[in-house]
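One-letter residues, chain by chain:
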Amino acid sequence: MFQLSFGRLVIAGLFAVGLLASAQAKTLRWASAGDPQTMDPHSQLESMTNMMNGQVYEGLVGRGKKLEFVPALATSWQQTGPLTWRFTLRQGVKFHDGTPLTVDDVVFSIQRAKEPTSNFAVYANAVGTPVAIDRETVEFRLAKVNPVFLEHIAVPLWIMSRAWCEKHRVTRPLDFKNKEESHASFHANGTGPYMLVNRQPGIRTTYKRNPAWWGRHEGNVEEIGYTQIANDATRLAALVSGEIDFVLDPSPRDVPRLRNTEGVKIVDGPENRIVFIGMDQHRDELLHGSVKGRNPFKDLRVRQALYHAVDIETLRSRLMSGLAVPTGGLTPSPLGAFNDPQVEARLPFDLPRARSLMAAAGYADGFEVTLDCPNNRYINDEEICIALAAMWAQIKVRVRVNAMPRATYFPKGEKFDTSMYMLGWGGAVTDAETVFTPLLRFPAPGGVGVFNWGRVKNEKFEALAVASSSEADPKKREELVRAALREYAAQVHVIPLHRQMIPWAVRRNVEVVHRADNWLEVPWVVIK
């Protein structure tokens, strides 16, 4: 049974006020453990932040219910040469402040997303230079072939109003990792189906339907009320009582009960997301470890030992309640590795082998290290880190789990202020390029390696990944991708854990469309 709590009473109070009460309009009230990081659409490349900003902002190309490409602010596109793409802009579209969308806004937005303070820079740079051809046409001119150009455009690269950005002095994305705030932190002006009404970080974020939206609502939601509810039990009790309509992230241990709870249903499916552990393999001495004068993570045998010490079946069956698919892969979906069994295979759970490797590396007595971990980003994130610490204690690696909210966690990692960390990577893109350039390559200008917090540098992998990013021949590219993934996996630069299964918990009178990128598209939601 879900217990009534003070927290639940507070949530009930929030939804009882006139803010979300309307006798006629359908209001979607939903919750999650976390909160979007910022309303600046080019600052943080983080799934929930993107999803919520995606109700306000749009790109040239969107995604359909099966993650297929669909027209958005562009009605059509074509590749006019190996290094050029042309897009026809949708006419008659207006931003929420009433100003018309122009090709100048498109050019400005792509250039804004290339700024060093943008997590989207790696994708914005990959699509080349946007050039206004006429009032309806934008051409993208590339310096080299991009075999996944449309995947990059459809990340998506959000389109903003240049005039609005200039008026409010937000022509550059805010520097989130250094705690910068701007007008775009709390305000928004897109072309999308919903308009931001109020943003109170950690409390509530509200939207109303855009009456001038160019698109068609398949659903009937007029208003959206989002509240962060960090506690699992409180969040689900609010759902069961009818105080909220939708929970993005029910705890796996509660899913079996929810399937049999009156008034509630589970909508589930796989997510394109890999969860793994990264390690600092750059510094000569760890920032947050006990070993002095050397870095144990630079030794392949130590990385292998940690991998062998992970009892992945226990994590899957007990902690994740079966809602995870263990893998040795490195891509959000096995499709990114062409379902290569060599890449997908895990090192076996083998404590004797792990202890032998630690001894051979000179760490028979282990060492101490801090594992940084979010506590409101991935399913059971903190609990997984605690379980891993217990497993690694069996090989005398003493792990201090440093769990924190995502708003603190991501800036810490982006500053490379970590020795060991949990990270997840996924979304709509299944191609390996989505992990190669932003996640696995060594950090470089233009957003390359922006999420390689361990600053791993593998020259063989780099050469293969770089070549695959501009190889137009599909067969040759497949060979490059396979070889790159095999090299990275063989060197155990990260310790893969699993791909998440994503259950959503919903009131029975609410119809939602579940996508593998864990994205709630509100224009499709129907409340009966």
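Residues numbered from 1 in each chain as written. Predicted model: local features only at pLDDT ≥ 70, side-chain atom pairs only at ≥ 80, totals over all residues. Heavy atoms only, no water.

**Student:** Whenever I open this one, the overall build of the protein confuses me. Can you help?
**Tutor:** Helix and strand counts for the protein stand at 18 helices and 19 strands. Relative to the 2.2 N^0.38 estimate, which gives 24 Å for 528 residues, the radius of gyration of the protein is 23 Å and therefore close to what a compact globule would have. With respect to the principal axes defined by its C-alpha atoms, the protein has extents near 70 × 60 × 40 Å. Counting the 528 residues in the protein, one finds 60% classified as buried. Contacts spanning at least 24 positions in sequence make up 71% of the contacts within the protein whose residues lie at least 6 apart. When the accessible surface of the protein is totalled, it reaches about 20100 Å², and 52% of it is carbon and sulfur. (Helix = DSSP H or I, 4+ residues; strand = E, 2+ residues; numbered from the N terminus. Rg over C-alpha atoms; globule rule 2.2 N^0.38 Å. Buried < 20%, exposed > 50% of the residue type's maximum accessible area, 1.4 Å probe, protein only. Contact = heavy atoms within 4.5 Å. Areas by Shrake-Rupley, 256 points an atom, 1.4 Å probe, with all protein chains shown as cover.)

**Student:** Would you mind going over the nonpolar core with me for this structure?
**Tutor:** Where a protein is soluble and globular, its nonpolar side chains tend to be buried together. Within the largest apolar cluster, 136 residues are counted, with the highest numbers of intra-cluster contacts made by W30, F140 and W392. Residue contacts for F140: discarding those within four places in its chain leaves L60, L83, T84, W85, F87, I110, V127, T129, P130, F149 and I153. (Core = buried A, V, L, I, M, F, W, Y, C linked by side-chain atoms within 4.5 Å.)

**Student:** Sorry if this is basic, but what is going on with helix α15 (residues 406-414) here?
**Tutor:** Think of an α-helix as turning once every 3.6 residues; residues three or four places apart then point the same way. Counting buried positions over the nine residues of α15 gives seven, a clear majority of the element. Among the residues of α15, R406, Y409, F410, P411, K412, G413 and E414 are the ones counted as buried. Among the structural elements, α2 (47-53), β14 (367-374), β15 (397-404) and β16 (420-426) are those in contact with the buried residues of α15. Where α15 ends, the next residue or the one after it, F416, has phi of about 60°, a positive value.

**Student:** Hey, could you run me through the packing of aromatic side chains in this one?
**Tutor:** Counted under the stated rule, the structure contains 20 aromatic pairs. Plain terms: the ring middles of F246 and W504 are 5.2 Å apart, the flat faces sit at 85° to each other, and that makes the pair edge-to-face. Highlighted residues: F246 in strand β11 (residues 246-247) and W504 in strand β17 (residues 494-507), separated in sequence by 258 residues. In this pair, the class of F246 matches that of W504, namely buried. An aromatic cluster is built from Y409, F410, Y421, W425, F451 and W453, whose rings are joined through pairwise contacts. Over the ring of W524 we find K65, and its NZ or CZ is 5.5 Å from the ring centre. The ring of F442 carries the charged tip of K457 above its face, separated from the ring centre by 5.0 Å. (Phe/Tyr/Trp six-rings, centres within 6.5 Å; stacked < 30°, edge-to-face > 60°. Lys NZ or Arg CZ within 6 Å of the ring centre and 35° of its normal.)

**Student:** Just to check I follow, could you spell out helix α8 (residues 232-241) for this structure?
**Tutor:** Among the ten residues of α8, seven are classified as buried, and the element is accordingly described as predominantly covered. Within α8 the residues assigned to the buried category are D232, T234, R235, L236, A237, A238 and L239. Of the residues that open α8, the one with a side-chain oxygen 3.0 Å from the backbone nitrogen of A233 is N231. Note on α8: the residue one or two positions beyond its end, G242, has a positive phi of about 90°. (Polar contact = N/O pair within 3.5 Å; in protein donor to acceptor, adjacent residues only side chain to side chain.)

**Student:** Before we go on, may I ask you to explain the environment of E181 in this structure?
**Tutor:** Along the chain, E181 falls in the loop between α6 (162-167) and α7 (183-186). The class of E181 is exposed, set by a relative accessible area of 57%. On a C-alpha basis, the gap between E181 and T38 in space is 8.9 Å, while along the polypeptide they are 143 residues apart.

**Student:** I tried to follow the sheet that holds strand β7 (residues 137-141) on my own but got confused; where do I start?
**Tutor:** Strand-to-strand pairing in sheets goes through backbone hydrogen bonds, with the strands running parallel or antiparallel. Strand order in the open sheet formed by four strands is β4-β5-β7-β6, and the pairing between neighbours is antiparallel. The open sheet is flanked by β4 (74-81) and β6 (129-134), the only strands paired with a single partner. Across the sheet, the mean angle from the axis of one strand to that of its neighbour is 25°, orientation sign disregarded. Bridge count for β6 against β7 is five bridges, and the pairing is antiparallel. Of the residues in β7, the one forming a bridge with P130 is F140. Of the strands in this sheet, β5 (84-89), β6 and β7 are in contact with helix α3 (residues 103-113), which crosses β6 at around 175°. (Pairing = 2+ DSSP bridges. Axes fitted to C-alpha atoms, helices over the stretch in contact; angles between N-to-C directions.)

**Student:** Looking at this structure, how should I read the state of the cysteines?
**Tutor:** Covalent bonding between the sulfur atoms of two cysteines defines a disulfide. Scanning the entire structure with this criterion turns up one disulfide. Linked covalently through their sulfurs, C373 and C385 form a disulfide whose S-S length is 2.4 Å. Between C373 and C385, the disulfide has an S-S torsion of 90° and is therefore right-handed. Of the two residues, C373 sits in strand β14 while C385 sits in helix α14 (residues 381-393), which places them twelve residues apart along the sequence. The pair formed by C373 and C385 is uniform in burial state, with each residue classed as buried. (Disulfide = S-S within 2.5 Å.)

**Student:** Just to check I follow, could you spell out the environment of E262 for this structure?
**Tutor:** Along the polypeptide, E262 turns up in the loop between α9 (255-259) and β12 (264-279). The exposure class assigned to E262 is exposed, which follows from its relative accessible area of 76%. Along the chain, E262 and P348 lie 86 residues apart, while their C-alpha atoms are 42 Å from each other.

**Student:** I tried to follow the environment of V103 on my own but got confused; where do I start?
**Tutor:** Positionally, V103 belongs in helix α3. Separated by 322 residues in sequence, V103 and W425 place their C-alpha atoms 32 Å apart. Here V103 is in contact with L89, A132, D134, R135, E136, T137 and V138, once residues within four sequence places are set aside.

**Student:** Is there a simple way to explain unusual backbone geometry in this structure?
**Tutor:** Leaving glycine out, the prevailing phi sign among residues is negative, and the prevailing peptide bond configuration is trans. Of note, the bond from V155 into P156 is cis; its omega dihedral lies within 30 degrees of zero at 5°. In this fold, P156 is placed in the loop between α5 (149-153) and α6. Phi at R455 is positive, roughly 50°, even though this residue is not glycine.

Keep in mind that these numbers describe shape and distance, not what the molecule does.
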